[in-house]
Amino acid sequence: MTGLVIKLKPNEKVLVNGVLLQNGDRAARIRVRSSDVSILRARDAIPKEEANTPLKRVYYIAQLALAGEADPDQAVGELLQGLSALKGVFPGEAGDDVLRAIEAARDQKFYVVMRAVKKHFEFEHALLARMPSGAQALAS
């Protein structure tokens, strides 16, 4: 069987093409066979207040586009601008993931953008913690 498999915990919420669904009392697996579906689990979403660093802002923009709350073309422009600014900041695997996110943004694969940048939130936090306070304010 092919397709995306979504594992949901009991009572977990998921947004599918802009429709909020909630799982029942038991864990469930759902196989999504269509490739043009926008899916966002509630646990993968971050609130606007938490989008307070460059990577988290990129993540939040992709999240809005995935949830259907932002114009996809406008989101692509904002994502490319934000990711391009980060291109030389992150070394190694993180830098490779920024490049991967740029390609995904161009293709409007917003979940791929989110997945590529989310795993580097802690690294970004450590980088920002080492910056002088004035430079930190500019990064936020």
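Residues numbered from 1 in each chain as written. Predicted model: local features only at pLDDT ≥ 70, side-chain atom pairs only at ≥ 80, totals over all residues. Heavy atoms only, no water.

I'd like a rundown of the packing of aromatic side chains, residues and numbers included.
This model, assessed by the stated rule, comprises two aromatic pairs. Considering the side-chain rings of Y59 and F121, the 5.4 Å spacing of their centres and the 70° angle between planes classify their relative orientation as edge-to-face. Separated by 62 residues along the polypeptide, Y59 in helix 1 (residues 54–66) and F121 in helix 5 (residues 121–130) bring together distant segments of the chain. Both residues of the pair, Y59 and F121, belong to the buried class. Arranged with centres 5.9 Å apart and planes meeting at 50°, the rings of F90 and F123 form a pair that is tilted. Taken together, the residues span a long stretch of sequence, with F90 in the loop between helix 2 (72–86) and helix 3 (92–106) and F123 in helix 5 at a distance of 33 residues. Over the ring of F121 we find K56; its NZ or CZ atom is 5.5 Å from the centre of that ring. (Phe/Tyr/Trp six-rings, centres within 6.5 Å; stacked < 30°, edge-to-face > 60°. Helix = DSSP H or I, 4+ residues; strand = E, 2+ residues; numbered from the N terminus. Buried < 20%, exposed > 50% of the residue type's maximum accessible area, 1.4 Å probe, protein only. Lys NZ or Arg CZ within 6 Å of the ring centre and 35° of its normal.)

Account for the packing of helix 2 against helix 4 (residues 110–118), with residues named and values stated.
The N-to-C vectors of helix 2 and helix 4 enclose an angle of 25°; their axes lie 12 Å apart at closest approach. Between helix 2 and helix 4, the interaxial angle falls into the category roughly parallel. For the pair helix 2 and helix 4, the sense of crossing is left-handed. Contacts between helix 2 and helix 4 involve P72, A75, V76, L79 and L83 on the former and, on the latter, F110, V113 and V117. (Axes fitted to C-alpha atoms, helices over the stretch in contact; angles between N-to-C directions. Parallel < 35°, antiparallel > 145°, perpendicular 65-115°, else oblique. Left-handed = near helix turned anticlockwise from the far one by under 90°. Contact = heavy atoms within 4.5 Å.)

Just give me the short version of the environment of V5, but keep the residues and values in it.
Structurally, V5 can be placed in strand 1 (residues 4–8). Between the alpha carbons of V5 and I30 there is a distance of 5.6 Å; along the sequence they are 25 residues apart.

Account for the sheet that holds strand 2 (residues 13–16), with residues named and values stated.
With antiparallel pairing, the three strands of this open sheet are ordered in space as 3-2-5. With partners counted over all chains shown, the strands left at the sheet margins are strand 3 (19–22) and strand 5 (39–41), one partner each. Pairs of neighbouring strands in the sheet enclose a mean axial angle of 25°, with direction left out of account. With four bridges connecting them, strand 2 and strand 3 associate as antiparallel partners. Residue V14 lies in a different strand from strand 3, and its bridge partner there is L21. (Pairing = 2+ DSSP bridges.)

Please give an account of the nonpolar core that cites residues and values.
If you look at the biggest cluster of nonpolar residues, it comprises 32 residues, and the most contacted ones within it are V58, L79, L83, F110, V113 and V117. Secondary structure elements with two or more residues in this core: helix 1, helix 2, helix 3 and helix 4. With nine residues, helix 1 is the single largest residue contributor to this core. Not counting residues within four places of it along the chain, the set of residues in contact with V58 comprises L79, G82, L83, L86, V113 and V117. In terms of nonpolar packing, the next biggest core, distinct from the first, is built from five residues, I6, L8, V14 and V32 among them. (Core = buried A, V, L, I, M, F, W, Y, C linked by side-chain atoms within 4.5 Å.)

Give me the lowdown on helix 3, citing residues and values where you can.
In this model, helix 3 (15 residues) spans 22 Å end to end at C-alpha, consistent with the 21 Å of a helix rising 1.5 Å per residue. Directly after helix 3, the chain includes Q108, whose backbone phi takes a positive value near 60°. (Expected span 1.5 Å × (residues − 1).)

A description of a positive patch on the surface should follow, citing residues and the corresponding values.
Residues K7, R29, R31 and R33 make up a contiguous surface patch of positive charge. Along the chain, the position of R29 falls in strand 4 (residues 28–32). (Patch = residues over 30% accessible without salt bridge, like charges linked within 9 Å, V, L, I, M, F, W, Y side chains within 5 Å. Areas by Shrake-Rupley, 256 points an atom, 1.4 Å probe, with all protein chains shown as cover. Salt bridge = Lys/Arg side-chain N within 4 Å of Asp/Glu carboxyl O. Lys, Arg positive; Asp, Glu negative; His and termini not counted. Charge placed at Lys NZ, Arg CZ, Asp CG, Glu CD.)

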